[in-house]
Amino acid sequence: MTDRTKLLTYAYILLYIALSSGQIFFNKWVLSSKEINFPYPLGLTLLHMIFSSVLCFILTKVFKVLKVEDGMTLEVYTTSVIPIGATFAMTLWLGNTAYLYISVAFAQMLKAIMPVAVFILGVAAGLEMMSCRMLLIMSVISFGVLVASYGEINISWIGVVYQMGGVVGEALRLIFMEILVKRKGLKLNPVSVMYYVSPCSALCLFIPWIFLEKPKMDAHAWNFQPLVLTLNSLCTFALNLSVFLVISHTSALTIRVAGVVKDWVVVLLSALLFADTKLTIINLFGYGIAIAGVAAYNNHKLKKEASKGVSNESQPLESMPLTSSTTSNS
């Protein structure tokens, strides 16, 4: 690898961390800012998915700048893409709603429980094997999140429930990818995932939006700011493209490691940017324990994949997630 290639790789990683962190703060600002006055997480998420669907179609089918991988059939779409799209919609909806009740930093700390949810569902689905090593790792992560929660000064249990619902939705999405896509032998890059999943997620969000948020939006005055909302949606799409760039030039594991760095950046910056964030020593200590467990989990997954002879460039789809406002512990 030449110096120029290394420099370009680091630039892509930094771009991913900046976009991922920035998107979280951007969403929090749009949802909670009195200037924007747009406290509609379902509507915001729906806007993201519609924007992503339209832009993906334009870039792949009209201008043909990006390539969508072949191999998608009606049977695969109905049994794979629809469940993945539905759980992805659930993840973003509940995760964004949590921002109305809890701070960005605390939401990020709760996301550290993701490997535990994925492992438990994986064991239930027969994809993972229970072992003393994994049980210890899961216990460390769970203990760390509990300590971090104990140290939270202004805890909102409604926000915690929404965030945990988003975590469960993301874990289900990864399990569906493992079961319904990987086992069918269909390998998709993030651009292809966006192309197929975004319209499905938009439909899954549109139905509850009609009943839950549209009546509120019709009854209350709110300032529609097309420039801000378009820029917010564009940042979401750019984040997904940054995942594609990082994986293309490095590996899916790099995204995981960069995700851990991004989590710490979000936690620390949120304390500076938002008045509702008051970090305590207990918060940081617990989160540090949880992140250590997440690092051990990632290391275990790497060794497991290496033992199966899977190269970094051909990671399963589970390792190449479609990201957005809340998804990325990638």
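See the structure above.
Starting from 1, residues in each chain are numbered consecutively following that chain's sequence as written. Per-residue local features are limited, in this predicted model, to residues with pLDDT of at least 70; the limit for side-chain atom pairs, both in listing and counting, is 80 or more; totals at the level of whole chains, interfaces and linings are taken over all residues. The basis for every side-chain value is the complete set of non-hydrogen atoms in the structure, without hydrogens or water.

Caption draft 1: The arrangement of the overall build of the chain in detail. When helices and strands are tallied, the chain shows 12 helices and zero strands. Radius of gyration here is computed from C-alpha atoms only, and the compact-globule reference equals 2.2 Å multiplied by the residue count raised to the power 0.38. Its C-alpha atoms give the chain a radius of gyration of 19 Å, near enough to 20 Å, the size a compact globule of 330 residues would have. Projected onto the principal axes, the alpha-carbon positions of the chain cover approximately 55 × 50 × 45 Å. The 330 residues of the chain split such that 53% are buried. The contact criterion used throughout is that any non-hydrogen atoms of two residues lie within 4.5 Å. Restricting the contact set of the chain to residue pairs at least 6 apart, pairs at least 24 apart contribute 88%. As displayed, the chain offers around 14900 Å² of accessible surface, 72% of which is attributable to carbon and sulfur atoms. A run of H or I in DSSP counts as a helix once it spans at least four residues, and a run of E counts as a strand once it spans at least two, with each numbered from the N terminus. Burial classes follow relative accessibility: with a 1.4 Å probe on protein chains only, a residue under 20% of its type's maximum area counts as buried, one over 50% as exposed, and anything between as partly exposed. Note on areas: Shrake-Rupley, 1.4 Å probe, and residue coverage restricted to the protein chains presented here.

Caption draft 2: Here's a closer look at the packing of aromatic side chains. Stacked, tilted and edge-to-face are the three classes applied to pairs of Phe, Tyr and Trp rings, where Trp contributes its six-membered ring and a pair requires centres within 6.5 Å; stacked means planes under 30 degrees apart, edge-to-face means over 60, and tilted covers the rest. Evaluated as defined, the whole model comprises seven aromatic pairs. Ring geometry for F26 versus W29: centroids 6.2 Å apart, planes at 35°, classification tilted. Placement of the pair is F26 and W29 together in helix α1 (residues 3-32), with a separation of three residues, close to one helical turn. Judged by relative accessible area, F26 falls into the buried class, the value being 16%.

Caption draft 3: How the structure looks around unusual backbone geometry. A positive phi angle, close to 55°, is found at K64, a residue other than glycine. Considering the arrangement of structural elements, one finds K64 in the loop between α2 (41-62) and α3 (74-98).

Caption draft 4: Spotlight on the environment of S149. Within the secondary structure, S149 sits in helix α6 (residues 132-150). When its relative accessible area of 18% is taken as the criterion, S149 is described as buried. Taking C-alpha positions, S149 is 7.9 Å from L110, a pair spaced 39 residues apart along the chain. Discounting residues that sit within four places of it in the chain, S149 has contacts with F106, L110 and I155.

Caption draft 5: Structural view of the pattern of salt bridges. Each reported salt bridge corresponds to a side-chain nitrogen of Lys or Arg within 4 Å of a carboxyl oxygen of Asp or Glu. Scanning the entire structure with this criterion turns up four salt bridges. Between K301 and E128 there is a salt bridge, and its shortest N-O distance comes to 3.4 Å. Taken together, the residues K301 in helix α12 (residues 281-307) and E128 in the loop between α5 (114-124) and α6 connect sequence positions 173 residues apart. You can call K301 buried: its relative accessible area is 9%. Of the charged contacts, one joins E170 and R173 as a salt bridge, the two residues approaching to 2.7 Å between their closest N and O atoms. Here E170 pairs with R173, and both are found in helix α7 (residues 157-181), just three residues apart, close to one helical turn. The residues E170 and R173 share a single accessibility class, namely buried.

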